[in-house]
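What the coordinates show
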Amino acid sequence: MEWKQRTEVLFGTEKTERMSQAHVLVVGLGGVGAYAAEQICRAGVGKMTIVDGDTIQPSNINRQLPALHSTLGLEKAAVVAARLKDINPDLRLTVHSLYLKEDTIPELLDSDTFDFIVDAIDTLSPKCSLIYHALNRRLRIVSSMGAGAKSDITQVRFADIRDTYHCGLSKAVRKRLQKMGVKRKLPVVFSTEQPDPEAVILTEGERNKKSTCGTVSYMPAVFGCYLAEYMIKRL
């Protein structure tokens, strides 16, 4: 247990033990989610379920934790899983290398007891479906909004989604959830920075994406750390 010593000095034995008994679901293991998953693992959470159906592409290398030239073409979930088990060999880990669909999300959420859900999905329909079903089940969840086309980490904030601004993803999620009849609060991580309108390009061949935003190495990582902090403090 020596590797948890510094965490225990900070939080105390009881809170560190509480984390070791917790089960956290992390959905999305890209620029934001992989960093969140790693911070959660290093904090000593004892059980995790991770979900991502994507493979590592050259364009991921500038910002995504599992993306290396040696891992190109590999499943993100498998690469992240190996890293988490190397951090904590005793971690009870369930790995789903798949894209979540709206009709499979209830099955996932009902498959086990989750103490917290971390949403780092970057496509609208599965993201809103996960949030909808989690809130309906009164499961604790924190969600990442858009880190693309932004570069100022000092403007990253926690907020209820109804209080977000200067974020296109937040606006789209908010509207979709309203149509779905969601009235419960949703804690999110977002940036108050105005996005750079020149940092958007059209994409071809990417699943569920017609355009993508320019990103810099540190910005998604900061979002991931914010997600991890929010969850860890509330456990």
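Scroll up to find the structure this text is about.
Below is a short write-up of the structure. (Residues numbered from 1 in each chain as written. Predicted model: local features only at pLDDT ≥ 70, side-chain atom pairs only at ≥ 80, totals over all residues. Heavy atoms only, no water.)

Time to look at unusual backbone geometry. Although it is not a glycine, Ala 149 sits at a positive phi angle of roughly 60 degrees. On the secondary structure map, Ala 149 appears in the loop between β5 (141–144) and β6 (156–160). With a relative accessible area of 8%, Ala 149 lands in the buried category. Notably, His 166 is not glycine yet its phi reads approximately 60 degrees, a positive angle. Structurally, His 166 is set in the loop between β6 and α7 (168–179). (Helix = DSSP H or I, 4+ residues; strand = E, 2+ residues; numbered from the N terminus. Buried < 20%, exposed > 50% of the residue type's maximum accessible area, 1.4 Å probe, protein only.)

Here we take up the nonpolar core. Val 24, Val 26, Ile 40, Met 48, Leu 84, Val 118 and Met 231 are the most contacted members of the largest nonpolar core, which totals 38 residues. Broken down by element, this core gets its largest block of residues, eight residues, from helix α8 (residues 218–234). Not counting residues within four places of it along the chain, the set of residues in contact with Met 48 comprises His 23, Val 24, Val 26, Ala 37, Ile 40, Cys 41, Leu 84, Leu 91, Arg 92, Leu 93 and Thr 94. Judged by nonpolar contacts, the second largest core, of 27 residues, contains Ile 105, Cys 128, Ile 131 and Leu 135. (Core = buried A, V, L, I, M, F, W, Y, C linked by side-chain atoms within 4.5 Å. Contact = heavy atoms within 4.5 Å.)

On to the packing of aromatic side chains, then. Summed over the entire model, instances satisfying the criterion amount to four aromatic pairs. Taking the centre distance of 5.5 Å and the plane angle of 50 degrees together, the rings of Phe 158 and Tyr 230 count as tilted. Highlighted residues: Phe 158 in strand β6 and Tyr 230 in helix α8, separated in sequence by 72 residues. Take Tyr 230: its relative accessible area is 15%, and that puts it in the buried class. Taking the centre distance of 5.8 Å and the plane angle of 70 degrees together, the rings of Tyr 165 and Phe 190 count as edge-to-face. In this pair, Tyr 165 sits in the loop between β6 and α7 while Phe 190 sits in strand β7 (residues 187–191), placing the two residues 25 residues apart along the sequence. Classification of Tyr 165 as partly exposed rests on a relative accessible area of 42%. Using a relative accessible area of 2% as the deciding quantity, one classes Phe 190 as buried. Members of the aromatic cluster, each reached through a chain of ring pairs, are Phe 116, Phe 158, Tyr 226 and Tyr 230. The ring of Tyr 230 is capped by Arg 234, whose NZ or CZ atom sits 3.5 Å from the centre of that ring. (Phe/Tyr/Trp six-rings, centres within 6.5 Å; stacked < 30°, edge-to-face > 60°. Lys NZ or Arg CZ within 6 Å of the ring centre and 35° of its normal.)

This part covers the pattern of salt bridges. The tally for this structure, following the rule as stated, stands at nine salt bridges. With its nearest N and O atoms 3.2 Å apart, the salt bridge here joins Glu 14 to Arg 18. Placement of the pair is Glu 14 and Arg 18 together in helix α2 (residues 13–20), with a separation of four residues, close to one helical turn. One salt bridge connects Asp 160 with Arg 162, and the closest N-O pair in it is separated by 2.9 Å. On the basis of relative accessible area, Asp 160 is assigned to the buried category, the value being 13%. (Salt bridge = Lys/Arg side-chain N within 4 Å of Asp/Glu carboxyl O.)

What follows is about the pairing of β7. Burial within β7 is extensive, with five of its five residues counted as buried. The two faces of β7 match: Pro 187, Val 189 and Ser 191 on one face and Val 188 and Phe 190 on the other face are all buried. In the sheet, β5 pairs with β7 via two bridges, with the strands oriented parallel. Paired with Ser 144 across the strands is Val 189, a residue of β7. By the bridge criterion, five bridges tie β6 to β7 in an arrangement that is antiparallel. Bridged to Val 156 within β7 is Ser 191. (Pairing = 2+ DSSP bridges.)

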